[in-house]
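Understanding the architecture of this molecule
One letter stands for each residue in the lines below.
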Amino acid sequence: MSKSEPPDRSGRLRVALGAAPSHVMRLVMVQGMVQLGIGLSIGLALSLLLGRGLTLVLYQVSMVDPLVFGGIAAVLMITGLAAAYIPARRATRVDPLVAMRAD
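Now for a quick tour of the structure. Note that the coordinates shown come from a computational prediction; the quantities given were computed from them, not determined experimentally. (Residues numbered from 1 in each chain as written. Predicted model: local features only at pLDDT ≥ 70, side-chain atom pairs only at ≥ 80, totals over all residues. Heavy atoms only, no water.)

**Side note on the side chain of Ser-47**
This is how the line gets drawn: Helix and strand definitions here come from DSSP, where helices need a minimum of 4 consecutive H or I residues and strands a minimum of 2 consecutive E residues; each element is numbered from the N-terminal end. Only protein chains enter the area calculation, which uses a 1.4 Å probe; residues under 20% of their type maximum are buried, those over 50% are exposed, and those in between are partly exposed. For this analysis, residues touch if any pair of their heavy atoms sits within 4.5 Å.
By the secondary structure assignment, Ser-47 is in helix α2 (residues 21–49). Ser-47 sits in the buried class, given a relative accessible area of 18%. Contacts of Ser-47, omitting those with residues within four sequence positions, involve Leu-54 and Phe-69.

**Notes on the packing of α2 against helix α4 (residues 66–92)**
Heads up, the condition is: Here, axes are lines fitted to C-alpha atoms. For helices the fit covers the stretch in contact, and angles between N-to-C directions go from 0 to 180 degrees. Any angle from 65 to 115 degrees is called roughly perpendicular, while one under 35 is roughly parallel, one over 145 is roughly antiparallel, and all others are oblique. Crossing handedness follows the turn of the near helix against the far one: under a right angle anticlockwise gives a left-handed crossing, and clockwise gives a right-handed one. Here the term charged refers only to Asp, Glu, Lys and Arg, the term nonpolar to Ala, Val, Leu, Ile, Met, Phe, Trp, Tyr, Cys and Pro, and the term polar to all other amino acids, Gly among them.
Viewed as axis vectors pointing N to C, α2 and α4 meet at an angle of 155°, and their least axial separation amounts to 9 Å. It follows that α2 is roughly antiparallel to α4 by the angle criterion. Classified by chirality, the crossing of α4 by α2 is right-handed. Across the contact of α2 with α4, the residue classes break down as 20 nonpolar, 4 polar and 1 charged.

See below:
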């Protein structure tokens, strides 16, 4: 799948070629979770590096407050799961003939 391709396009093609919907769902979800993991890792590293600047803006929050970091990570993970699930579900529900005609 290329970067310019919508995330559910390869899933539609796989379903049209006979792949099981559960395999397509897993493929799209794993791709989304890899991107989410990379983004969370980079964000966590940058926030730890720039933590001193945050202490000037946020009152009564330590530079490395696990509650804040955990809460933000949890919200981003839930959002990322939803953002990966919606195209994955769309890719599994397509009619194979429609998918082949669209491409």
